[in-house]
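Reading the structure
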Number of protein chains: 2
Amino acid sequence: MKTVKEGEVRRREILVAARELFVNKGYDQTSINDILKIVDIAKGTFYYYFTSKEEVLEAIILDIVEEGARRAEKIVKDKSIPLVSRIMMAIMAQTPEFEGSDEIKEEIHKVENAKLEHLYVRAMLKRMTPILQEPVLEGIDQGIFHMDYPIECTESILLLGHMMFDCNVMEFKDEEFPRKIQAFLCNAERMLGTKEGELQEFMRMFGQLS
Amino acid sequence: MKTVKEGEVRRREILVAARELFVNKGYDQTSINDILKIVDIAKGTFYYYFTSKEEVLEAIILDIVEEGARRAEKIVKDKSIPLVSRIMMAIMAQTPEFEGSDEIKEEIHKVENAKLEHLYVRAMLKRMTPILQEPVLEGIDQGIFHMDYPIECTESILLLGHMMFDCNVMEFKDEEFPRKIQAFLCNAERMLGTKEGELQEFMRMFGQLS
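Per an unreviewed UniProt entry, chain A is named TetR family transcriptional regulator, and its organism is Paenibacillus segetis.

Structural data, given as structure tokens:
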């Protein structure tokens, strides 16, 4: 048992060191040797945990999803926040937002790394959809939302939000941004089956993030 | 002028030969030399048009989007088809559906090729959104649809349809498929602001494709 735990600690050390290097030096400029030096391990030890630098980045992305999911979970559990705000804030809280996140975010969203983007979306949907189910069902119970497919509705809103605003598939200009958010909120309202304008106040939240 | 035209013809010959090879031999198993042999050109001529095998595949994907867009355009222009059917049929007609398409489709959707998937989505949205604008606006005029953001609504439906059913981001089981289509049609109805059940008949169309 002790060995398993030590193994997990070692793996963590590699991830922490790599993340710092990726953020500060950049992913391309970081070599496996750079990581070895910081963690102070032999190459063989590294390859016991990971088969490549890319695999390290993949593990970091899954960590990022997990961190975002935990922030979202915390918000969802906070019943002092009004229901609709709870949902919208949870969706926005899961967006990668850690120190130096821009570097890794950029790495994820580079067209060459679309594979990582894929990995991110898949992991994000898997982790976030169940988290949002609770408040969505609560909203249905309270008669604020009306829908027959709560899981698919949640998936679709997460998916659309990500595709529209978090990755680089859409190529819209800065001045188009407010309209795209308006449209997104309007589509989310309709999918949730809530009354028109219910999500309008979240324009501001998006505005602050942009 | 003659030279430009000849250049385009040569480029086409390369694309046609490569596409056939990718479909029959598989992308990985096809070498640039295989392409040279069929088109009967020197390596230098190939590199005048393309920098790599991957660039050839990218051009083929853009061709696929263009072919799909033309099929969709034809349907959209056919006013003998009822409006809502015109839109749904156009959306479905743009899905790659040519001889041997499975091979290239698989290549696009392999996780390793997520970059190509990205390229496909971007090109598809750019080409398809304007095509669908006409019937969508017609539907608004006729009072069948009700929405403030027709462009964004069209983008969102195309994006969701693609993410849910055409690429391998969602990992649902076969038995979940009917429910996912139902939910997609329901969300599309709501975004279009049309009456509940309006798109229900398209369950069959999806059913046939699956």
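A word on the overall build of chain A
Counting its secondary structure elements, chain A contains 10 helices and 0 strands. If you list the helices and strands of chain A from N to C, you get α-α-α-α-α-α-α-α-α-α. Going through the 210 residues of chain A one by one, you find that 53% of them count as buried. Here the contacts in chain A between residues at least 6 apart in sequence split such that 65% fall between residues at least 24 apart. Accessible surface, chain A: about 10400 Å² in total, of which carbon and sulfur atoms supply 52%.

Comments concerning the nonpolar core
Residues F46(A) and F46(B) are the most contacted members of the largest nonpolar core, which totals 127 residues. When residues no more than four places from it in sequence are discounted, the contact partners of F46(A) are I14(A), I32(A), I35(A), L36(A), I41(A), S52(A) and V56(A).

Things to note about the side chain of S156(A)
Tracing the backbone shows S156(A) in helix α8 (residues 150-166). Once you skip the residues sitting within four places of it in the chain, S156(A) turns out to touch M191(A), L160(B), M164(B) and N187(B).

Structural notes on the interface of chain B and chain A
Contacts between the two partners involve 39 residues from chain B, matched on the other side by 39 residues from chain A. Here chain B and chain A share an interface that buries about 3600 Å² over both sides, 59% of which is from carbon and sulfur atoms. Among the ionic pairs, E152(B) bridges to K180(A), the shortest N-O distance being 3.2 Å. Summed over the shared surface of chain B and chain A, the result is 13 residue pairs in polar contact (both at pLDDT 80 or more). Contributing elements (two or more residues each) for the side of chain B that touches chain A: α7 (114-141), α8 (150-166) and α9 (177-192) of chain B. Counting residues per element, the side of chain B that touches chain A draws most heavily on α8(B), which supplies 10 residues. Broken down by class, the residue content of the side of chain B that touches chain A amounts to 19 nonpolar, 7 polar and 13 charged.

The rules behind each value
- Residues numbered from 1 in each chain as written.
- Chains lettered and ligands numbered in written order.
- Predicted model: local features only at pLDDT ≥ 70, side-chain atom pairs only at ≥ 80, totals over all residues.
- Heavy atoms only, no water.
- Helix = DSSP H or I, 4+ residues; strand = E, 2+ residues; numbered from the N terminus.
- Buried < 20%, exposed > 50% of the residue type's maximum accessible area, 1.4 Å probe, protein only.
- Contact = heavy atoms within 4.5 Å.
- Areas by Shrake-Rupley, 256 points an atom, 1.4 Å probe, with all protein chains shown as cover.
- Core = buried A, V, L, I, M, F, W, Y, C linked by side-chain atoms within 4.5 Å.
- Buried area = accessible area lost by both parts, 1.4 Å probe.
- Salt bridge = Lys/Arg side-chain N within 4 Å of Asp/Glu carboxyl O.
- Polar contact = N/O pair within 3.5 Å; in protein donor to acceptor, adjacent residues only side chain to side chain.
- Nonpolar A, V, L, I, M, F, W, Y, C, P; charged D, E, K, R; others polar.

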